[in-house]
Amino acid sequence: MTGQLNLVVLGKQGAGKGTQGQRLCELHGLAHISTGDMLRAAVAAGTPLGREVQSVLDAGLLVSDELVNQLVADRFKEPDTAKGAVLDGFPRTTFQAQALEQLLGEGGIKLCISIEIANDLVIQRLSSRRICQECGTSYKDTDVAAISGTCEVCGGDVVQRSDDKPEAIQKRLETFDRDTLPLLSFYESRGILVKVNGNQLREKVAADIDGLLHGRGLA
Ligand code: ADP
């Protein structure tokens, strides 16, 4: 387990966790574990889990710790996690962080990358964000894929997320401050927290992250 490169990417909505997470996975052969994507896929597929969580997602609230902890534990049984994983959107509460630590064991998480971004930029980014319902790739409303409604990666439908609306965005930001911000000190106390300025172009954020991984001998 400890030979794996498991990375936690923390950050507010729209900070670029998904974009950077996907890129890191391709670069290092890691599995992308996005609990948000997994939950939205369940909603889109109309599974019992999807029906259970849809209203929680739409309201911008968090689903229960037990439910996501189990989702992630099951996901780590998949063979594509052999080299490790990028965790995007999980953990989101101290209880989830403790569960993940138990699951992966001591030293199981190599680094927690906090992508920091200002609230006004969050609102600006989320209101113009469109995502592929199938693979989770995100686009801007002015991108060709968003205008045509067809994902360039997998051909899936590109739509606006139902929680990327002003009321839900506000709620999600409040939830982040209350439940997820405490995770910064959790990971800092374990000596694995690094911070990246997310108010920059995605290429610059990527370069900063790669520099930090390199500096720690992880890439
Ligand atoms: P964002 O960070 O942009 O709000 P995500 O795609 O990570 O979006 O998550 C969307 C929604 O899915 C959250 O608002 C929440 O309802 C639910 N969710 C995702 N991950 C978790 C988690 N780890 N714990 C609880 N709820 C979660």
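## Quick notes on the pattern of salt bridges
Following the criterion strictly, the structure yields 12 salt bridges and no others. A salt bridge links K77 to D74; its shortest N-O distance comes to 3.2 Å. Among the ionic pairs, D208 bridges to K204, the shortest N-O distance being 2.8 Å. A residue pair is termed a helical-turn pair when its members lie 3 or 4 positions apart in one helix, as D208 and K204 do in helix 10 (residues 202–215) at 4 residues.

## Some points on the environment of G107
Checked against the element boundaries, G107 lands in the loop between helix 5 (94–104) and strand 4 (111–116). Separated by 99 residues in the primary sequence, G107 and V8 have C-alpha atoms spaced 13 Å apart.

## Some details on the state of the cysteines
Any covalent bond linking the sulfur atoms of two cysteines counts as a disulfide. Using the criterion set out here, one finds 0 disulfides in the structure. The structure places no disulfide on C132, whose sulfur is separated from the nearest cysteine sulfur, that of C154, by 3.6 Å. For C132, a relative accessible area of 2% puts it in the buried group.

## A closer look at the site of the ligand
What surrounds the ligand is a group of 19 residues, the closest being T35, R40, L61, Q96 and R172. Taking G89, its main chain carries an N or O atom lying 2.9 Å from a nitrogen atom of the ligand. Between an oxygen atom of the ligand and a side-chain N or O atom of R161, the distance comes to 3.0 Å. The protein chains hide 97% of the 540 Å² of surface that the ligand would expose on its own. Sort the elements by how many residues they give to the shell around the ligand and helix 2 (residues 35–45) lands first, with 4 residues. Taken together, the residues that form the shell around the ligand break down as 7 nonpolar, 5 polar and 7 charged.

How each quantity is defined
Residues numbered from 1 in each chain as written. Predicted model: local features only at pLDDT ≥ 70, side-chain atom pairs only at ≥ 80, totals over all residues. Heavy atoms only, no water. Salt bridge = Lys/Arg side-chain N within 4 Å of Asp/Glu carboxyl O. Helix = DSSP H or I, 4+ residues; strand = E, 2+ residues; numbered from the N terminus. Disulfide = S-S within 2.5 Å. Buried < 20%, exposed > 50% of the residue type's maximum accessible area, 1.4 Å probe, protein only. Near = heavy atom within 4 Å. Polar contact = N/O pair within 3.5 Å; in protein donor to acceptor, adjacent residues only side chain to side chain. Areas by Shrake-Rupley, 256 points an atom, 1.4 Å probe, with all protein chains shown as cover. Nonpolar A, V, L, I, M, F, W, Y, C, P; charged D, E, K, R; others polar.

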